[in-house]
Amino acid sequence: MTTHIPPSPTSHAQTPTNLLSSPLLVSLSFSHFAFSMGQAGSAPLTRFPSFSNRRFNSKPDLTTPTLAISFPPPSIQSSTLPPDLDYTSELPDEVLCVVFQLLTSSDRKRCSLVCRRWLLLEGMSRQRLALNAQHSLSDSIPSLFDRFSSVSKLALKCDRRSDSIGDEALALIARRCPGLTRLKLRACRAVTDAGMEVLAESCPNLCKLSVGSCSFGSKGIEAVLRACTRLEELSIKRLRGLSDSNASPPVSDEIVARSLRAVCLKELYNGQCFSTVISNSPNLKVLKLFRCAGDWDPILEDISVKVLGVTEIHLEKLQVSDRGLMALSACPSLEVLHLVKTPECTDVGLIVLAEKCNLLRKIHIDGWKTNRIGDQGLIAIAKRCPNLQELVLIGVNPTARSLELVATNCANLERLALCGSETFGDAEISCIAAKCLALKKLCIKGCPISDLGMEALAEGCPRLVKVKVKKCRGVTAEFAEWLRMSRGSLAVNFDAPGPTDGAPDVSEMVENAGSDGDLDDRSVVGEQLGLSNGNALNGGTRTSAWKTRVSIFVGRNFFVSAFRRLHGSQ
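Each chain has its residues counted from 1, following the order in which its sequence is written. This being a predicted model, a pLDDT of at least 70 is required before a residue's local features are given, and a value of 80 or more before pairs of side-chain atoms are given or counted; all residues contribute to the totals for chains, interfaces and linings. Note that water and hydrogens are dropped before the side-chain values are worked out from all heavy atoms of the structure.

### Section: the overall build of the protein
Here's step 1: A run of DSSP states H or I qualifies as a helix once it reaches four residues; a run of E qualifies as a strand once it reaches two. Both are numbered from the N-terminal end. What the protein contains, in helices and strands, is 17 helices and 17 strands.
Here's step 2: In the protein, which comprises 570 residues, the proportion classed as buried is 50%.
Here's step 3: Relative to all contacts within the protein whose residues are 6 or more apart in sequence, the contacts with residues 24 or more apart total 78%.
Here's step 4: As displayed, the protein offers around 25600 Å² of accessible surface, 51% of which is attributable to carbon and sulfur atoms. Exposure categories follow from relative accessible area, calculated using a 1.4 Å probe and restricted to protein chains: below 20% of the type maximum is buried, above 50% is exposed, and the middle band is partly exposed. Contacts between residues were defined by any pair of non-hydrogen atoms, one from each residue, lying within 4.5 Å. In short, Shrake-Rupley with a 1.4 Å probe defines the accessible areas, and a residue's cover is counted only from the protein chains shown.

What follows is the structure, encoded as structure tokens:
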């Protein structure tokens, strides 16, 4: 319900000249305010005892208040209501802070330009802040954090072509933000292990840390783990201090991260130096490993002994074999499994995993067209994992034999995606349409299906709400339109293949599991502080040379080991 300030009865076209009398300021929900419409224009504003009369001498209490306000009826003459009356002058600071927290970032910036009081309160109530971490930011840190004194979630990002802030600036920021709980560092190449140690000492309440493209090494991460005992999420990407030529020492085995719940390692030359962090986190729930060099089978075996409560595992472009999958079978609480481009994993390891991890509900498999995971592994999943809700198969060749068992035994299957499968044809999709009664979303890309097989979807899958068909040469646009007309509630997304289409792009099928955009706040406050020349937030891009170096270094381990084992089995 919304209450507006009544206009003057003598002049309905008159608008207040002061922005403080905008109806936006009183368009507040009853969850925060209780309005009482009085009869007199001079009715006083009622404050409850929970509020203090302090205004600028302390930080506001951001708890949700209750306020009763009396508004003058339209019968009051315009002479008693000056056009420039500030209707918010009697509102407590705590109430305005609650209002600011309900606004978007752009609206907050506009409100901060209204008056000095709003500028101060908006800064005091802001908890998220994203800054361009160029070297020129160092001079503005004192004034910047004098205004934003309550920041608890901070993102510092620097363009790869610019000089970033160093240890001194990071230490100053840490001392100004002792209550920091989330921190993201991107391309801060001048920050060293010493700077991370000062950060850890000044911000002991840090709960989430994400670092990428920085120059410090494992010692800086170790300092954070020692001092920040409440750390719950740790994401490490592309650390320049972990080069293959100058390997960083492993994190001390004495550190036990009992509060750590999620670990993500991505594109690291010597990512195994953090293996002790994973194995010494008894309460770890989520483990994500992306494109990290080295043999990870021994580490997964160690994890299976010490970390039994893990529920989600992502393995992408890793040197992992059936030995590692068999080790993960000792994690009975596993619910989410992503195997992306791990050519040494076969049906043998997947069968052992499925037999003991019966709680699996989401499975993503990218077989990289090696044909080492197929019907046998999927049959084991169908028999042992009745709670399966989501199945994504990329570069895997299932047949109607395994898909029929999946559809029959997995009654809760709601999302199914197949991409680049050479055996998924009309018979298989007809089986899906007849058996998958709970299916809601179906995605097919680059498979040999035709209009004849797709016709089964017109009457099958009664709960189906969305179908996506891409680069399937046997399906025509006319049939896609007919399917839309036959099932009015079904959303059909059809992408006809072009004459030059080659192998299907499977990147769209899998979500970016390593993203950690929860700290991102795209608001730019540099303009308000006179920092528009160098401190506006700009996103940097990854260097192509680094990507090439990683692909050559990591890819060599993948292919050499995979072909060696394949030759030995033959």
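Back to the text.
### Examining the packing of aromatic side chains
Here's step 1: The pairing test for Phe, Tyr and Trp rings, Trp by its six-membered ring, is centres within 6.5 Å, and the orientation test on the planes gives stacked under 30 degrees, edge-to-face over 60, and tilted for anything in between. For the structure on display, the rule yields 2 aromatic pairs.
Here's step 2: Between the aromatic rings of Phe100 and Trp118, the centroid separation amounts to 5.8 Å while the plane-to-plane angle is 75°, which identifies the pairing as edge-to-face. Of this pair, Phe100 sits in helix H1 (residues 93–101) while Trp118 sits in helix H3 (residues 116–125), placing them 18 residues apart in sequence. Both residues of the pair, Phe100 and Trp118, belong to the buried class.

### Regarding the nonpolar core
Side chains of nonpolar character tend, in soluble globular proteins, to be buried together.
Here's step 1: Judged by nonpolar contacts, the single largest core of 123 residues is most densely connected at Phe274 and Met454.
Here's step 2: Judged by nonpolar contacts, the second largest core, of 9 residues, contains Val95, Phe100, Cys111 and Trp118. Think of a nonpolar core as a cluster: buried Ala, Val, Leu, Ile, Met, Phe, Trp, Tyr and Cys residues, connected wherever their side-chain atoms sit within 4.5 Å.

### Side note on unusual backbone geometry
Apart from glycine, the bulk of residues carry a negative phi angle, and the bulk of peptide bonds sit in the trans form.
Here's step 1: Backbone geometry places Ala187, a non-glycine residue, at a positive phi of 60°.
Here's step 2: As for its placement among the helices and strands, Ala187 is situated in the loop between strand E5 (182–186) and helix H6 (193–202).
Here's step 3: Classification of Ala187 by relative accessible area gives buried; the value is 8%.
Here's step 4: One non-glycine residue with positive phi stands out, namely Arg291, at about 50°.
Here's step 5: Secondary-structure assignment places Arg291 in the loop between strand E9 (286–290) and helix H9 (297–306).

### Points about the confidence of the model for the protein
Here's step 1: One confidence number per residue, pLDDT, is output by the predictor and ranges from 0 to 100. The predicted model of the protein averages 79 in pLDDT, with 72% of residues at 70 or higher.
Here's step 2: Every residue in residues 1–70 is under pLDDT 50, and counting partners more than four places away or in other chains gives 124 contacts.
Here's step 3: Contacts for the low-pLDDT stretch residues 502–570, under 50 throughout, to residues beyond four places or in other chains number 125 contacts.

### Thoughts on the environment of Leu339
Here's step 1: Its place among the elements puts Leu339 in strand E11 (residues 336–340).
Here's step 2: For Leu339, a relative accessible area of 1% puts it in the buried group.
Here's step 3: Remark: the alpha-carbon pair of Leu339 and Ile363, spanning 24 residues in sequence, is separated by 8.0 Å.
Here's step 4: Not counting the four nearest positions on each side in its chain, Leu339 is found in contact with Leu315, Leu325, His364, Ile365 and Asp366.

### Things to note about the side chain of Asp347
Here's step 1: One can find Asp347 in helix H11 (residues 347–356).
Here's step 2: His is not counted, nor are the chain ends; Lys and Arg add positive charge and Asp and Glu add negative charge. Counted as salt bridges are all cases of a side-chain nitrogen of Lys or Arg within 4 Å of a carboxyl oxygen of Asp or Glu. Although buried, Asp347 forms no salt bridge, and the nearest oppositely charged side chain, Arg372, lies 8.9 Å from it.
Here's step 3: Of note is the side chain of Asp347, whose polar atom sits 2.9 Å from the backbone nitrogen of Gly374.
Here's step 4: Residues in contact with Asp347, not counting those within four places in the same chain, are Arg372, Ile373, Gly374, Gln376 and Gly377. N or O atoms within 3.5 Å of each other form a polar contact, as long as, within protein, one can give a hydrogen and the other can take it, and as long as residues adjacent in sequence are counted only when both atoms are side-chain atoms.

### Some points on H9
Here's step 1: Among all positions of H9, only Asp297, Ile299, Leu300, Ile303 and Ser304 are buried. Angularly, the buried residues of H9 cover 160° about the axis, an arc narrow enough to put them on a single face.
Here's step 2: The inward-facing, buried residues of H9 contact helix H8 (275–279), E9, strand E10 (312–316) and helix H10 (322–328). Taken from the helix axis, the directions to the C-beta atoms give the arc we talk about.

### As for the pairing of strand E4 (residues 153–157)
Here's step 1: Extensive coverage of E4 is indicated by the burial of 5 of its 5 residues.
Here's step 2: Along E4, one buried face is formed by Lys153, Ala155 and Lys157 and the opposite face, lined by Leu154 and Leu156, is buried too.
Here's step 3: Summarising the sheet, strand E3 (residues 128–132) and E4 pair through 5 bridges and their orientation is parallel. Note on E4: the bridge partner recorded for Arg128 is Lys153.
Here's step 4: Taken together, E3, helix H4 (residues 141–147) and E4 constitute a β-α-β crossover, and its handedness is right-handed.
Here's step 5: Any two strands with at least two DSSP bridges between them are considered paired. When E4 meets E5, the two strands line up parallel, connected through 5 bridges. Bridging from a neighbouring strand, Ala155 pairs with Lys184 of E5.
Here's step 6: Crossovers are described as right-handed under a simple rule: with the strands pointing away from the observer, the path leading from the first strand over the helix to the second runs clockwise. Crossover E4 to E5 through helix H5 (residues 167–176) is right-handed.

### Quick word on helix H16 (residues 477–486)
Here's step 1: Looking at H16, one finds that the buried residues are Phe479, Ala480 and Leu483. Each buried residue of H16 lies within a common arc of 105° when the element is viewed along its axis, so the set occupies one face. Exposed residues lying more than 90 degrees from the buried face of H16 are Glu478 and Met485.
Here's step 2: Buried residues along H16 sit against helix H15 (451–454) and strand E17 (491–495).

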